[in-house]
Amino acid sequence: MGYYDQDHQNRYKGQKGNKGGYFLASLVGVILGAILVVVAVPKLSDYNVLPYTVEPDEELQDEAAGNNNNANVQNVSLDVTTDVTKAVDKAGDAVVSITNIQTAGFWSNEGNGSAGQPAGTGSGVIYKKEGNTAFIVTNHHVVEGAQELEVSLQDGTKLPARLVGSDIWTDLAVLEVEAKEIKTVAEFGDSEKLKPGEPVIAIGNPLGQFSGSVTQGIISGLERAIPVDIDQNGTVDWQAEVLQTDAAINPGNSGGALVNISGQLIGINSMKIAESAVEGIGLAIPINYARPVIDDLEKFGEVKRPYMGVQLASVNEIPGYYQQEALKLPKDVKSGVAITSVEPNSPAAQAGLKEMDVIVEMDGQEINDIIELRQHLYTKKSVGDQMKIKFYRDGKTQEVTMKLSGETL
């Protein structure tokens, strides 16, 4: 006898009924989906929506490439003219390279003719063209000891040069060359108007092989005083008054141009403080200070400086015992310049100065040592000027007026 479960049968019937419903629902869904596809595909095609993959459009690629090319062309063709490039264009061709040629000792002793070899290189600036002659300013140390001098222009033209005059105290020299090939002359600026932070450009021949090199910087300081040992004996003889710049100045730049943003010559590059711990300290002779020296060198071959006719010693270098016993200075006087000898008929002799007098003032300015005396005499006085001198003699102060002549101190 079979077992009949009514609840089971009902569930079975329900499942069969549900399957029929599922089938009908699925069939309706398929039909509706087909209708939607037919309706939607034309609309999607309006938007160029393609199934699976999209192939790149060659025309669009060409247009994009064209746009990129145009952008590159625009970058390359930009006008890069600036105030700096204008300044370099104005002054650059006035800067030359200078070769110091010296004869080797063997050849000079034998007298077999010249076998000159480059002993050093530097830079120079063409500052004047007059008739058939062009004048070039450079550093004394660039041309010192030369038997021959050769100047190279920016276009590579080489010209023999003649030394007109040189001055060891200011480290300046003047050369002359034939003017036929010279087309550009530097314009003098005014170094008195310079301000710290003002942009400047150095142009020269660093290392003797990078002619026309340009470096840019600023004025880092004005009226710097740098001690100089003129005769290389270990004693400071002079204080060079210079401009400080952070424009790169290297060996070979000496004598080259320091120009302002207008392309005007405002300094002659002279030296660089070359110590391992120092970076970016270049020095240049202010053009206002250099111009009177340049004029004298051009006209006379030397600098016409006022002359006293004395031999001197700084008091601070004399032992204290002799300061008291020989010079008879008061104990509170520790500085000044002692006269160790006076030339007959010299300005000093005519003014009444004597050996063992100690100069402590000139024209009301305190004089502490020989360097300050030279600075006052060489930079503030001219040949023929009157100069008031205050000095100690036998422990007491006296004053005289001296008329300066034009010999060498």
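Residues numbered from 1 in each chain as written. Predicted model: local features only at pLDDT ≥ 70, side-chain atom pairs only at ≥ 80, totals over all residues. Heavy atoms only, no water.

The chain goes by Serine protease in an unreviewed UniProt entry, where it is assigned to Cytobacillus oceanisediminis.

Quick look at the overall build of the chain now. For the chain, the count of helices and strands is nine helices and 18 strands. Per-residue burial over the chain gives 37% buried out of 409 residues. For the chain, long-range pairs separated by at least 24 residues make up 62% of all intrachain contacts whose partners lie at least 6 apart in sequence. (Helix = DSSP H or I, 4+ residues; strand = E, 2+ residues; numbered from the N terminus. Buried < 20%, exposed > 50% of the residue type's maximum accessible area, 1.4 Å probe, protein only. Contact = heavy atoms within 4.5 Å.)

What follows concerns the side chain of Asp 357. Here Asp 357 shows up in the loop between helix H8 (347-351) and strand E15 (358-362). Asp 357 gets classed as buried once you look at its relative accessible area, which sits at 1%. At 2.7 Å, the side chain of Asp 357 forms a polar contact with the backbone nitrogen of Lys 354. If near-sequence neighbours (up to four positions away) are discounted, Asp 357 is found in contact with Val 337, Ala 338, Ile 339, Phe 391, Tyr 392 and Arg 393. (Polar contact = N/O pair within 3.5 Å; in protein donor to acceptor, adjacent residues only side chain to side chain.)

Bringing helix H3 (residues 83-91) into the picture now. Each α-helix winds once per 3.6 residues, and so residues spaced three or four apart point in a common direction. When H3 is considered as a whole, its buried residues turn out to be Val 84, Ala 87, Val 88 and Ala 91. In a view along the axis of H3, the buried residues occupy a sector of 95°, so they form one face of it. Here the buried face of H3 lies against strand E1 (95-103), strand E7 (199-204), strand E8 (213-228) and strand E10 (257-260). (Arc of directions from axis to C-beta.)

Positive phi, normally seen in glycine, also occurs at Asp 171, with a value near 60°. You can see Asp 171 is positioned in the loop between strand E5 (158-167) and strand E6 (172-178). A positive phi angle is found at Asn 345, which is not glycine, with a value near 65°. Counting through the fold element by element, Asn 345 comes out in the loop between strand E14 (337-342) and H8.

This part takes up the side chain of Asn 205. Within the element layout of this structure, Asn 205 appears in the loop between E7 and E8. The class of Asn 205 is buried, set by a relative accessible area of 3%. Reaching out from Asn 205, the side chain makes a polar contact with the backbone nitrogen of Phe 210 at a distance of 3.4 Å.

Each regular strand displays side chains that alternate between the two surfaces of the sheet. Here E6 lies mainly inside the structure; five of its seven residues are buried. Pairing of E5 with E6 involves five bridges; the strand directions are antiparallel. Within E6, the residue paired with Arg 162 across the bridge is Glu 176. In this antiparallel pair of consecutive strands, E5 and E6, the connection spans four residues, and Asp 171 shows a positive phi of 60°. (Pairing = 2+ DSSP bridges.)

Under the defined criterion, the tally for this structure stands at six aromatic pairs. Ring centres of Trp 169 and Tyr 378 lie 5.8 Å apart, and the angle between their planes is 75°; on these two criteria the pair is classed as edge-to-face. Of the two residues, Trp 169 is situated in the loop between E5 and E6 and Tyr 378 in helix H9 (residues 370-380); the sequence distance between them amounts to 209 residues. The two residues Trp 169 and Tyr 378 agree in class, both being buried. (Phe/Tyr/Trp six-rings, centres within 6.5 Å; stacked < 30°, edge-to-face > 60°.)

Moving on: the pattern of salt bridges. Throughout the structure, instances matching the rule amount to nine salt bridges. Lys 90 is the salt-bridge partner of Glu 187, the closest N and O atoms lying 2.8 Å from each other. Pair noted here: Glu 187 is in the loop between E6 and E7 and Lys 90 is in helix H3, with a separation of 97 residues, a long-range link. Here Lys 90 falls in the partly exposed class, since its relative accessible area comes to 38%. The salt bridge partner of Lys 304 is Glu 302, with a shortest N-O separation of 3.4 Å. Linked through salt bridges whose partners overlap, the residues forming this network are Lys 128, Glu 130 and Glu 298. (Salt bridge = Lys/Arg side-chain N within 4 Å of Asp/Glu carboxyl O.)

A separate point is the nonpolar core. Counting residues in hydrophobic clusters, the biggest one holds 28 residues, and the most contacted among them are Met 308, Leu 353, Ile 359, Leu 373, Met 387, Ile 389 and Met 402. Of all the secondary-structure elements, those providing two or more residues to this core are strand E9 (238-245), strand E13 (310-314), E14, H8, E15, H9, strand E17 (386-393) and strand E18 (396-403). Here the element with the most residues in this core is H9; it accounts for four residues. Counting residues in hydrophobic clusters, the runner-up holds 27 residues, among them Val 125, Leu 172, Ala 257 and Ile 268. (Core = buried A, V, L, I, M, F, W, Y, C linked by side-chain atoms within 4.5 Å.)

Looking now at a negative patch on the surface. Together, Asp 89, Asp 93, Asp 155, Glu 178 and Glu 181 make up a negatively charged patch on the protein surface. Looking at the element boundaries, Asp 155 is found in the loop between strand E4 (148-152) and E5. Owing to a relative accessible area of 59%, Asp 155 belongs among the exposed residues under this scheme. (Patch = residues over 30% accessible without salt bridge, like charges linked within 9 Å, V, L, I, M, F, W, Y side chains within 5 Å. Areas by Shrake-Rupley, 256 points an atom, 1.4 Å probe, with all protein chains shown as cover. Lys, Arg positive; Asp, Glu negative; His and termini not counted. Charge placed at Lys NZ, Arg CZ, Asp CG, Glu CD.)

Mapped onto the secondary structure, Ile 219 falls in strand E8. With 41 residues separating them along the chain, Ile 219 and Asn 260 place their C-alpha atoms 9.5 Å apart. Ignoring any residue separated from it by four or fewer positions in sequence, one finds Ile 219 in contact with Leu 194, Lys 195, Pro 196, Gly 197, Glu 198, Val 200 and Gln 244.

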